[in-house]
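# Architecture at a glance
Chain by chain, the residues run as shown.
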Amino acid sequence: MTPKQTYILGIESSCDDTAAAVIKNGRILSNVVATQNIHKEYGGVVPELASRAHQQNIVPVVQLALQRANIDKKQLNAIAFTRGPGLMGSLLVGTSFSKSLAMGLDLPLIEVNHMQAHILAHFIKSKEQSIPSFPFLAMTISGGHTQIVKVTNYFEMEVIGQTLDDAIGEAFDKSAKLLGLPYPGGPLIDQNARLGNPKAFHFPKPKVGPLDFSFSGLKTAVLYFIEKKSKDHPNFVKENLNDICASLQFTIVDYLMDKIKNAVKETHIKTIAIGGGVSANSGIRKALQDTETSLGWKVHIPKFEYCTDNAAMIAIVGELKYQQQLFASNDVVAKPRMKY
Ligand code: KG4
Ligand code: ZN
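Before going into details, it helps to say that this report is about the structure given with it. (Residues numbered from 1 in each chain as written. Chains lettered and ligands numbered in written order. Predicted model: local features only at pLDDT ≥ 70, side-chain atom pairs only at ≥ 80, totals over all residues. Heavy atoms only, no water.)

A separate point is the coordination of the zinc ion (ligand 2). By definition of the ideal shapes, four donors in a tetrahedron about a metal sit 109.5 degrees apart, and six donors in an octahedron sit 90 or 180 degrees apart. Within the protein, the atoms that donate to the zinc ion (ligand 2) are H114 (NE2), H118 (NE2) and D309 (OD), at distances of 2.1 to 2.2 Å. In this structure, the zinc ion (ligand 2) is surrounded by four donor atoms whose angles at the metal cover 86 to 143°, and the resulting shape is irregular. Mapped onto the sequence, the residues coordinating the zinc ion (ligand 2) show the spacing H-x3-H-x190-D. Highlighted residues: H114 in helix 3 (residues 114-120) and D309 in the loop between helix 10 (304-307) and helix 11 (312-323), separated in sequence by 195 residues. (Donors = N, O, S within 2.8 Å, 3.2 Å for Na, K, Ca; no water. Tetrahedral: all angles 85-135°; square planar, octahedral: opposite > 155°, others 65-115°. Helix = DSSP H or I, 4+ residues; strand = E, 2+ residues; numbered from the N terminus.)

Next comes the structure, spelled out in structure tokens:
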């Protein structure tokens, strides 16, 4: 007997990306993201502008997702949406739109935790990624979060380590800003780092608990470093940009690897899955992939478009919850500070 076909629409609007995706039996049929470029001018996400842009984008983005999936909205089986965590104004747009659409189409509504979704994106069926087996350690590394999560089952997750201040993506972006690079600077640090010497300069690794992170000190260290070096040599940053980026990236990657090694030691789990925008970083990817031969770990890195904020990850959680009939009530509200 062929399994029943289910079409789930996923909607994501937690920060500055308006996204919609359609999933059918584990495979993504469409994955549309409207990135809000307006924030570049401000060097970071402006919440008020983000919610306005979501309002403008949400209908065309959903329409395009349905069109690319080549289905009519009447064929959908459920609507899954990001309930939190995220910016209140941004979440409100996706939540209200999803509730109205579900009511209009008389469909079940499924609430999704954005952070769980980053982890469960690994369960999307695609030839470009492999599905981890339970239990595994997930590292969610993005502009908003830095966490090590012990994943025992789809919805059994425990945060065992996290940042005490800035997220890892902020460490990249804020350092990049000090170096005169535009927002978001993470990918640019990565690009320049490939051409530089990672041992050229030394940056300190902040000391906190074995599984926790702290990045605010690094930003200050970069600021003092630039001020000191530029005093007698005004073109210092320009002339040494590649080496600075390489050294900075080396420090961040090394710090991340220390923490994940501590987590493996503590849990005896050697299956690692990463997610979040910073998993695009080439230094992190290489360091993790190298552990497959050096330490016998099994490493899972999702397809790039499922790493950054997207709705495909919301749709896969929608499908997993649909199978268990885990539906939201119609008085569900957005939750900016949502826990696992
Ligand atoms: O997951 P994401 O798209 O959005 C959230 O923050 O939720 O992550 C965006 C973050 C930004 O801080 C960006 O600079 C960082 O991911 N990022 C990178 C790279 N690509 C994206 N950081 C370092 N290296 C990269 N290649
Ligand atoms: Zn995210």
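This is not the end of the story, as more comes after the structure.
With that settled, consider the site of ligand 1. As a matter of local geometry, ligand 1 sits amid 17 residues, with G143, D173, D190, G277 and N281 nearest to it. Between an oxygen atom of ligand 1 and a main-chain N or O atom of G169, the distance comes to 3.4 Å. Residue D309 places a side-chain N or O atom 3.1 Å away from an oxygen atom belonging to ligand 1. Look at ligand 1: alone it shows 550 Å² of surface, and the protein chains cover 87% of it. With respect to the pocket detection grid, ligand 1 is positioned in the largest pocket. (Near = heavy atom within 4 Å. Polar contact = N/O pair within 3.5 Å; in protein donor to acceptor, adjacent residues only side chain to side chain. Areas by Shrake-Rupley, 256 points an atom, 1.4 Å probe, with all protein chains shown as cover. 1 Å grid on protein atoms, 1.4 Å probe; cavity = no way out; pocket = protein on both sides within 12 Å on 5 of 7 lines; lining within 4 Å. Sits in = over half its atoms within 2 Å of the grid points.)

Take E111: it is sitting in strand 5 (residues 109-113). At a separation of 3.2 Å, a polar atom in the side chain of E111 contacts the side chain of R83. If we ignore the near neighbours within four places in the chain, the residues touching E111 are F81, R83, K321, A328, V332 and M338. (Contact = heavy atoms within 4.5 Å.)

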